Amino acid sequence: MKQLFLTAKLDIAESLRARWFLIYTLVFGGIVTLLFVFGLSESRVLGFIGLSRLLVTYIQLTMAILPIFVLITTVRSVAGDREAGVFEYLLSLPVSIGAWYWGKVCGRYAIIFLPVFLAMLGAALWGSFQEIDIPWAMFAYYTALLAVMALCFLGLGMLISAIARSTDTAQGAAFMLWLALLLFLDLILLGVMIQGRIEAETAIGIALLNPLQVFRTAALALFDPQLVVLGPAAYEIFDRFGAAGFQIYALVYPALLGLGAALTGYFLLRRGDLL
């Protein structure tokens, strides 16, 4: 545990010095600031007023930015250290591969999640100061949603990083994964699948394997409980899960996917050639 803690601390220190972390923090802090500046906290949409509207907009923007940011920065973890010759020094030190790997996972998770959460927490505190109603139930669920989103794509990034032999290959694979998930977002390719005489239930089931689609649908469910924007697909979702069941699924499935990907990356790293 001491080795894991020291590795996580070192990864956090390195990230704090990196330019990407400064940009990452400014992006999410700037989003919240702009949303307040443009008055979204005072707008009313479908009965949502105050901070509710800001949270809905923030979560939608986060889902567009966070995955690619996490993937591109995370895939450099293992692949970058392999290229830099870090493993040669690691093998000569009393640090286990497990402590090093999971220390990087923990450190990177903290550095990824905290700026996103602090930006949203800052919005809630400012709203309280301005005497704006704070939807704490929505705030708690969106916080959990952001936490599992970060975990999901962190795990996928670590898996790609463990497999790739170079940072260029890892970044290319991360971009292709993000692009593939985007193509299935909002059922973009499902229309083609249905035209190919695939059952609608099967097509929607495939869509719900896409973590981006799961995140977006869960966020919309609080804003639009009937999921009117999804049309007939909403009936299939509610028939399978129910409203509360889908909210639980949106938290459990991405978390398990991220943890499973991180574990797979760890076992592949241990069985493979570190050098």
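Our structure's up above, just so we're on the same page.
Sequence order as written defines the numbering, with residues in each chain counted from 1. pLDDT decides what is reported in this predicted model: residues at 70 or higher carry local features, side-chain atom pairs at 80 or more are listed and counted, and totals for whole chains, interfaces and linings draw on all residues regardless. Note that the side-chain values use all heavy atoms of the structure and ignore hydrogens as well as water.

Quick word on the overall build of the protein
What counts, and what does not: Runs of H or I in DSSP of at least four residues are treated as helices and runs of E of at least two as strands, each being numbered from the N terminus. When accessible area is computed with a 1.4 Å probe and restricted to protein chains, residues below 20% of their type maximum are described as buried, those above 50% as exposed, and intermediate ones as partly exposed. Residue contacts follow a heavy-atom distance rule, with two residues in contact if any of their heavy atoms lie within 4.5 Å. The protein chains shown are the only cover counted for residues, whose accessible areas, like all others here, come from Shrake-Rupley with a 1.4 Å probe.
What the protein contains, in helices and strands, is 13 helices and two strands. Burial status across the protein gives 50% buried among its 275 residues. Intrachain contacts of the protein at a sequence separation of at least 6 include 79% that bridge at least 24 residues. When the accessible area of the protein is evaluated, it comes to approximately 13,600 Å², of which 68% is carbon and sulfur surface.

Overview of the packing of aromatic side chains
So the rule is basically this: Pairing of aromatic rings covers Phe, Tyr and the six-membered ring of Trp, with a centre-to-centre limit of 6.5 Å; geometry is then stacked below 30 degrees between planes, edge-to-face above 60, and tilted otherwise.
Summed over the entire model, instances satisfying the criterion amount to eleven aromatic pairs. Look at Y109 and F113: their rings are 5.9 Å apart centre to centre, the planes differ by 10°, and that puts the pair in the stacked class. Remark: F113 and Y109 occur in helix 6 (residues 97-129); sequence separation between them is four residues, near one turn of the helix. Overall, the relative accessible area of 14% leaves F113 in the buried class. With centroids separated by 5.5 Å and ring planes inclined at 50°, the aromatic side chains of Y266 and F267 adopt a geometry described as tilted. Taking relative accessible area as the criterion, Y266 reaches 12% and is therefore assigned buried. Its relative accessible area of 46% is what places F267 among the partly exposed residues. By way of ring pairs, the aromatic residues Y101, W102, Y266 and F267 are connected into one cluster.

A short note on helix 8 (residues 167-183)
Applicable threshold: A helix is expected to reach a length of 1.5 Å times the quantity of its residues less one. What the arc measures is the spread of directions leading from the helix axis to the C-beta atoms.
Relative to the 24 Å expected for 17 residues at 1.5 Å per residue, helix 8 spans 24 Å between its end C-alpha atoms, a close match to the ideal helical length. All of the buried residues along helix 8 are T167, A170, A174, W178 and L181. Axial view of helix 8: buried residues confined to an arc of 70°, hence all on one face. Residues of helix 8 that are exposed and angled more than 90 degrees away from the buried face: D168 and M176.

Quick look at the side chain of T143
Note the threshold: Polar contacts, as counted here, are pairs of nitrogen or oxygen atoms within 3.5 Å of one another; within protein the pair requires one atom able to donate a hydrogen and one able to accept it, and residues that are adjacent in sequence qualify only if both atoms are side-chain atoms.
Position of T143 among the secondary structure elements: in helix 7 (residues 136-163). Among the polar contacts made by the side chain of T143, one reaches the main-chain carbonyl oxygen of F139 at a distance of 2.8 Å. Setting aside anything within four residues of it in sequence, one finds T143 in contact with F113, F117 and M120.

Things to note about the packing of helix 7 against helix 13 (residues 243-271)
We count it as follows: To get an axis, a line is fitted to the C-alpha atoms, and for a helix only the part in contact is used. The angle between two axes follows their N-to-C directions and goes from 0 to 180 degrees. Roughly parallel refers to an angle under 35 degrees, roughly antiparallel to one over 145, roughly perpendicular to one between 65 and 115, and oblique to any angle outside these ranges. Crossings are classed by handedness, with left-handed meaning an anticlockwise turn of the near helix from the far one by less than a right angle and right-handed meaning a clockwise turn. Under the grouping applied here, Gly and all other residues not named as nonpolar or charged are polar, the nonpolar ones being Ala, Val, Leu, Ile, Met, Phe, Trp, Tyr, Cys and Pro and the charged ones Asp, Glu, Lys and Arg.
The contact between helix 7 and helix 13 brings their axes to 7 Å, and the two run at 25°. One way to sum up the angle between helix 7 and helix 13 is to call them roughly parallel. In the packing of helix 7 onto helix 13, the handedness of the crossing is left-handed. Class assignment for the residues of the contact of helix 7 with helix 13 results in 20 nonpolar, five polar and no charged.

A look at the nonpolar core
Rule in force here: Among the buried residues, those of types Ala, Val, Leu, Ile, Met, Phe, Trp, Tyr and Cys that are joined through side-chain atoms within 4.5 Å form a nonpolar core.
If you look at the biggest cluster of nonpolar residues, it comprises 72 residues, and the most contacted ones within it are Y101, Y142, L145 and F153. Breaking this core down by element, the ones donating at least two residues are helix 2 (19-37), helix 3 (51-74), helix 4 (76-84), helix 6, helix 7, helix 8, helix 11 (211-223) and helix 13. With 19 residues, helix 7 is the single largest residue contributor to this core. When near neighbours in sequence (up to four residues on either side) are disregarded, Y101 contacts V78, M158, A262, G265, Y266 and L269.

Points about a nonpolar patch on the surface
Operational definition: Without a salt bridge and with relative accessible area above 30%, a residue can belong to a patch; like charges are then joined within 9 Å and nonpolar side chains (Val, Leu, Ile, Met, Phe, Trp, Tyr) within 5 Å. Should a side-chain nitrogen of Lys or Arg be within 4 Å of a carboxyl oxygen of Asp or Glu, the pair is scored as a salt bridge.
There is a patch of nonpolar side chains on the surface, built from F175, M176, L179 and L183 and spanning about 350 Å² of accessible area. Tracing the chain through its elements places F175 in helix 8. Assessed through its relative accessible area of 40%, F175 is described here as partly exposed.

Some thoughts on the packing of helix 7 against helix 8
For any two helices packed against each other, the geometry is given by the interaxial angle and the distance between the axes. Look at helix 7 against helix 8: their axes get within 9 Å of each other, and the N-to-C directions meet at 140°. Classed by the angle they form, the pair helix 7 and helix 8 counts as oblique. As for the relative orientation of helix 7 and helix 8, their crossing is right-handed in sense. For the pair helix 7 and helix 8, the contacting residues are F153, L156 and I160 in the first and A170, A173, A174, L177 and L181 in the second. Of the residues that constitute the contact of helix 7 with helix 8, the class distribution is eight nonpolar, no polar and no charged.

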